[in-house]
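Below are the chains, spelled out letter by letter.
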Amino acid sequence: MVMTIPQANTLWRRNGRLRFPIDGLVLYAPLWHPELSGSPFLSKDLNAHSFSVTGAVWGSTGRILDGIDDRMACPDAASLDIATSLSILAWVNATSLDAVESHTVLTKRFGSSVNYGLNFEAAAGNKDKLQFYIHDGVAFRTVQDDTAMTTGVWHLVGATFDSVSDAVILYMDGVSSETGTITQAMVTNNELLSIGGIGSAESFHGIIGEVWLYGERVLAASEVMHIHRATKGRYI
């Protein structure tokens, strides 16, 4: 199995077709791939972000995180400083989602310095519910799913945020699972981008298989469904 950093005109083609959109793609990390089994590893997009790994043991379906302090992180980069609209998608398989602290999927955050984030919030009754958040310099602004995610099975989770319409759409397994609005603006920062944890806290407990981040780009519902259909064969 060979994977190299691709050229723009041949990105992720299969049988002559693109497996997922590349317009606006600023981060793609197929954590299941052997080329991403070491530390550091490079993301497989045109930016080639360098990720350090703490814990997060590699396996054939992705990185296995302990829910305590495991994480992967890359330095700040202009492509990751997103000021308007974005889309985040990730294949995850949670072992457990407890109510002690939140479980990070992807974030550009340290403390209250937050550009954007996707997690499972640990607040009472919400520990297994997907949440998108920003911090506008005053407070966290969030949209949370009303439906709990089943643990022990694979799910494609995600969120899109359109700063023009203020619309946030959460996705579960290729379809919209919740909608909401955030009227405040995203604030860029100089923090690391982290997958699976923040510093030594808020670690995801389970496997993260694959991650996409689109900057200044809102994926259409049909595109999210396409990504689910095109990539689910690896997981389910």
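Residues numbered from 1 in each chain as written. Predicted model: local features only at pLDDT ≥ 70, side-chain atom pairs only at ≥ 80, totals over all residues. Heavy atoms only, no water.

1. Side note on the pattern of salt bridges
When the charged atoms of two side chains with opposite charge come close together, those side chains can pair. Basically, it comes down to this: A pairing counts as a salt bridge when a side-chain nitrogen of Lys or Arg comes within 4 Å of a carboxyl oxygen of Asp or Glu. Numbering of helices and strands runs from the N terminus; a helix is a DSSP stretch of H or I covering at least four residues, while a strand is a stretch of E covering at least two. A 1.4 Å probe rolled over the protein chains alone gives each residue an accessible area, and that area as a share of the maximum for its type sets the label: buried under 20%, exposed over 50%, partly exposed in between.
In this structure the tally under the stated criterion is 7 salt bridges. In this structure, Arg-109 and Glu-202 form a salt bridge, with 3.4 Å as the shortest nitrogen-oxygen distance. On the criterion of sequence distance, the pair formed by Arg-109 in strand β10 (residues 103-110) and Glu-202 in the loop between β17 (193-195) and β18 (205-215) is long-range, its members being 93 residues apart. For the pair Arg-109 and Glu-202, one class covers both residues: buried. For the salt bridge of Arg-217 with Glu-223, the shortest nitrogen-to-oxygen distance reads 2.9 Å. The exposure class assigned to Arg-217 is buried, which follows from its relative accessible area of 13%.

2. A closer look at the packing of aromatic side chains
Convention followed: Here a Phe, Tyr or Trp ring, Trp counted by its six-membered ring, pairs with any other such ring whose centre lies within 6.5 Å, and the pair is stacked when the planes are under 30 degrees apart, edge-to-face when over 60, and tilted otherwise.
Throughout the structure, instances matching the rule amount to 9 aromatic pairs. Judged by centre distance (5.6 Å) and plane angle (85°), the rings of Phe-20 and Trp-212 are edge-to-face. Within this pair, whereas Phe-20 is found in the loop between β2 (17-18) and β3 (25-29), its partner Trp-212 is found in strand β18, the two being separated by 192 residues in sequence. Residue classification places Phe-20 among the buried residues on the basis of a relative accessible area of 2%.

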